[in-house]
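# Results of the structural survey
One-letter residues, chain by chain:
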Amino acid sequence: MKTTDTHTLSILVANKPGVLVRVALTFARRGYNIDSLVVSATHNPKFSRMTVTAKGDPATLEQIIKQLNKLVDVIHASEHDTFSAVDMEMSLLKVKVTATSKTIIAKYMKEYHAKLVDETDNILIIAQIGSTEELNSFENILSKYGLVELVRSGKLLMMKGKETT
Amino acid sequence: MKRKTAKTTKTQKTMTGAQALIKCLENHGVEYIFGLPGGSVIPIFDAIYESKIKTILVRHEQGATHMADGYARATGKVGVALVTSGPGATNTVTGIMTAMMDSVPLVVLTGQTISPMLGKDAFQEADIAGISMPVVKHSYLVKDINSIPRIIKEAFYIASTGRPGPVLIDLPKDMTAGAFTGSLDQPMDLPGYSIPGKGNKTDILQLAKMLKQSRKPMLLVGHGAVISGADKVVRELAEKMHCPVTMTLLGKGAFPETHPLSLGMLGMHGTAFANKALTACDLICSIGSRWDDRINGNNDEFCIGAKKIHIDIDPAEINKIVRPDLSIIGDAKLVLEELLKHVEKLDTAEWLRELEFYKTEFPLNYSNAEGLTAQCVIDTLYKVTKGKAVVTTDVGQHQMWAAQFYKTEHGRDWLSSGGAGTMGFGFPAAIGAQFGRPGELVVAIVGDGGFQMTLCELATAAINKQPVKVVVIDNKYLGMVRQWQELFFDNRLSGVDLVGNPDFVKLAEAYGIKGFHIDKVEDCSRVLEEAMKHPGPALIHAEVIKEGNVFPMIPAGKSAYHMIIEAPKVKMEKPTGST
């Protein structure tokens, strides 16, 4: 395995202040860089869900997951693959358009199921939901048509079928 | 007079947060709080005024944490420290980290500025919950007065169960000064916290099978075995199987070192025979040790060819350093009690003969040819006290000599800062241990370097009439670093000369503590005998030869195959391993 593999972790935590710091410290202390992080309350407001993507070697990751599980405020932490789980993310893309580019962009938006959410003075904000690859690909296209700004949510993940995340 | 006034001005009905806090501590059986007050904790000290809990006023907050730590290690109960906000709180960090590294149950209560001032750089405000986060098992910032009983209950539970550790509770002053209106008995809310128990039965049976197939097995006992109270079952197991036992620095006491099956301590400064056994065994079973770099400097060469088994209560220890052939997650005592049912006498006669040869060939020894040595002082102390003292140590050469020459028979009789290697630990830890075990002989073996880091606690020992005995091994150097500089850095001594040490006897006397002095081999026994009999606290200043070195030695980063048994004649390479 390459040491730069990207891993996706799902961490269920108590919805309390300071939990994020404890989780972040567990990664930082072992030199793991967090690439993306999404935190939000679950349907039960007592708990929050963190979805983390990070790059690094698998042995260190094993240690990180075990150390995360040791944290009192962590209910459970585990790594997931894309076979047993659904994952997606969202991006907001700001594009400066002309009359011509707008038509082309509209075509791609349809192809990528992206949505126009704002248009102010020839500047569009487009929202897209999809896999990391779809988001990357759409971003590449828009970069040729006046992409000004990009904000990505980071990855969300959920286990398929009966199993809970 | 003062007490009377206090009583008449307090109404019985309303309770402050501080009073609720102290009530909860009483309910948890707290006898002593080691601490030092300041503005933000005056309400708590005020509540202690009418409590049966005794406050032990320390001279520095680091001392408070080490005392609470020594109390906890010596008794198995939770040690409690109470300090003020800001510098009072930051002074506890070393002690908290020391407890964390060695899995010691502490509850550290820190004062904090009032809630509305949090994060506004108030006087003596420090984000202690943030500062301490990497070195606590868990921590709390109290934001609701009425949550105090739940938090205290959780803190004691977390600190003392599973793999124990320190828990910090940061208490804004308005949380302790304000009115408490909640219930004193609240349930815990810890959905993310669970404690491993008996271990997987199938794995235990598998271990019994592996042991049966082994001809050269060894048990490696660590602090986890002491903490879980597994010493009795470790002994039964070793005797039933005829299996030798070695121990880590903190595993001393998990198996009697005078037992014929004991190999003593292994590792960097362990016995030659324990380290020889490491290189020759065909199976090693760790019970509550974490294979740390003092015993396993080079994982690639650690017990080559031997089956490795890891029993630990902390799942994160499995695969952290060693990738074992079999791991069992559970409490050492419970796992071994089950294992004991399934093992029988092993075919180890030849192995034990081989180890006996190592023991006779490479015994621990020392010579007084050049004058009084630290080893002689410690060996004599061992004989004078008949090995029955509760011993604490500081960190450095004296610690290793004490580990080698003061043999430990029972769990909780050997208290030393292992993981953290905290100089200044030994003396305050001894005071804490003495509070926890009144009537027993508690001896702190400390170096002249480390002792000077926390010697202000001589006042604490004197005022509280705690009859601890402090043996200051004085070689006028930071000896362990000097040893490394001699062996690996061409004897370019840099920053290690403790010239200007005080007269330790006079120093003790200045605090009203009886001082003794030894600098000759022939006085050693008599003076130690007299000092140990002294009813109050005593300090024994032992001036030893300046340039003694600790052997055997495995250079950092090397495996047991590279052990040096005596002073090398050739120049050594600089060590590559961790410190």
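Treat the numbers as computed from the prediction; the structure is a model and nothing was measured.

Definitions and cut-offs
Residues numbered from 1 in each chain as written. Chains lettered and ligands numbered in written order. Predicted model: local features only at pLDDT ≥ 70, side-chain atom pairs only at ≥ 80, totals over all residues. Heavy atoms only, no water. Pairing = 2+ DSSP bridges. Helix = DSSP H or I, 4+ residues; strand = E, 2+ residues; numbered from the N terminus. Axes fitted to C-alpha atoms, helices over the stretch in contact; angles between N-to-C directions. Contact = heavy atoms within 4.5 Å. Buried area = accessible area lost by both parts, 1.4 Å probe. Salt bridge = Lys/Arg side-chain N within 4 Å of Asp/Glu carboxyl O. Polar contact = N/O pair within 3.5 Å; in protein donor to acceptor, adjacent residues only side chain to side chain. Buried < 20%, exposed > 50% of the residue type's maximum accessible area, 1.4 Å probe, protein only. Parallel < 35°, antiparallel > 145°, perpendicular 65-115°, else oblique. Left-handed = near helix turned anticlockwise from the far one by under 90°. Nonpolar A, V, L, I, M, F, W, Y, C, P; charged D, E, K, R; others polar. Phe/Tyr/Trp six-rings, centres within 6.5 Å; stacked < 30°, edge-to-face > 60°. Core = buried A, V, L, I, M, F, W, Y, C linked by side-chain atoms within 4.5 Å.

## A word on the sheet that holds strand S3 (residues 47–55) of chain A
All names here are of chain A. Reading across from one edge, S2-S3-S1-S4 is the order of the four strands in this open sheet, with antiparallel pairing throughout. The sheet terminates laterally at strand S2 (33–41) and strand S4 (74–80), the two strands that pair on one side only. Taken over all neighbouring pairs, the strand axes of this sheet differ in orientation by 15 degrees on average, direction set aside. In the sheet, strand S1 (residues 6–14) pairs with S4 via six bridges, with the strands oriented antiparallel. Bridging across to S4, Thr8 finds its partner in His80. On top of the sheet, helix H1 (residues 19–28) reaches S1, S2, S3 and S4; it is set at about 20 degrees to S3, its chief contact. This element, helix H2 (residues 58–70), spans S1 and S4 of the sheet and lies at about 160 degrees to S4.

## Notes on the interface of chain B and chain A
Between chain B and chain A, the contact holds 21 residues from the first and 21 residues from the second. The junction of chain B with chain A conceals about 1,500 Å² of combined surface from both sides, 53% of it contributed by carbon and sulfur atoms. Summed over the three residues of chain B that lose the most area to chain A, namely Met133(B), His138(B) and Gly192(B), the buried surface amounts to 31% of that side. Notably, a salt bridge pairs Lys46(A) with Asp189(B), separated by 3.2 Å at the nearest N-O pair. At the boundary of chain B and chain A, one finds eight residue pairs in polar contact (both at pLDDT 80 or more).

## Let's talk about the side chain of Ser228(B)
All names here are of chain B. Among the secondary structure elements, Ser228 is positioned in the loop between helix H11 (223–227) and helix H12 (231–241). With relative accessibility at 17%, the residue Ser228 sits in the buried group. Among the polar contacts listed, one links the side chain of Ser228 to the backbone nitrogen of Lys333, at a separation of 3.1 Å. Once residues lying within four places of it in the same chain are set aside, the contact partners of Ser228 are Asp331, Ala332 and Lys333.

## Considerations on the packing of helix H16 (residues 374–384) of chain B against helix H23 (residues 521–533) of chain B
Residues and elements named next belong to chain B. Where H16 contacts H23, the two axes come as close as 9 Å, and the packing angle between them is 45 degrees. If you check the angle between H16 and H23, you find them oblique. Taken as a pair, H16 and H23 cross one another with a handedness that is right-handed. Of the residues in H23, those in contact with Cys376, Val377, Thr380, Leu381 and Val384 of H16 are Val521, Cys524, Ser525, Leu528, Glu529 and Met532. Of the residues assigned to the contact of H16 with H23, the class counts are eight nonpolar, two polar and one charged.

## Quick notes on the pattern of salt bridges
Charged atoms that come close allow side chains of opposite charge to pair. Overall, the coordinates contain 37 salt bridges over all chains when judged by the stated rule. Between Glu317(B) and Arg163(B) there is a salt bridge whose closest N-O contact spans 2.8 Å. Within this pair, whereas Glu317(B) is found in the loop between strand S13 (307–312) and strand S14 (326–329), its partner Arg163(B) is found in the loop between helix H8 (148–160) and strand S7 (166–172), the two being separated by 154 residues in sequence. Owing to a relative accessible area of 22%, Arg163(B) belongs among the partly exposed residues under this scheme. Between Arg215(B) and Asp347(B) there is a salt bridge, with its nearest N and O atoms 3.4 Å apart. Within this pair, whereas Arg215(B) is found in the loop between helix H10 (201–213) and strand S9 (217–221), its partner Asp347(B) is found in the loop between helix H14 (332–342) and helix H15 (349–361), the two being separated by 132 residues in sequence. Sharing partners across several salt bridges, the network here consists of Lys70(A), Arg163(B), Asp314(B), Glu317(B) and Lys320(B).

## Some remarks on the sheet that holds S9(B)
Residue and element names in this part refer to chain B. The strand order across the open sheet formed by six strands is S11-S10-S9-S12-S13-S14, and the pairing between neighbours is parallel. Among the strands making up the open sheet, the edge pair consists of strand S11 (262–265) and S14. Sheet twist, expressed as the mean angle between neighbouring strand axes with direction ignored, is 15 degrees. Contacts from helix H13 (residues 272–280) reach S9, strand S10 (245–247), S11 and strand S12 (283–287) within the one sheet, and its direction differs from that of S11 by about 105 degrees.

## Section: the packing of aromatic side chains
Residue and element names in this part refer to chain B. Inspection of every chain in the model, using the stated rule, returns 16 aromatic pairs over all chains. On the basis of an interplanar angle of 70 degrees and a centroid distance of 5.5 Å, the ring pair of Phe427 and Phe451 is categorised as edge-to-face. With Phe427 in helix H18 (residues 426–436) and Phe451 in helix H19 (residues 448–454), the pair connects residues that are 24 residues apart, well separated along the chain. Exposure class is identical for Phe427 and Phe451. Each is buried.

## Some details on the nonpolar core
Residue and element names in this part refer to chain B. Grouped together as the largest cluster of nonpolar side chains are 46 residues, with contacts concentrated most on Val377 and Leu528. Those residues within four positions of Val377 in sequence are excluded, and the remaining contacts are Leu372, Val471, Ile473, Cys524, Leu528, Ala542 and Val544. If you look at the next biggest cluster of nonpolar residues, it comprises 45 residues, including Phe34, Ile128, Ile513 and Leu539.

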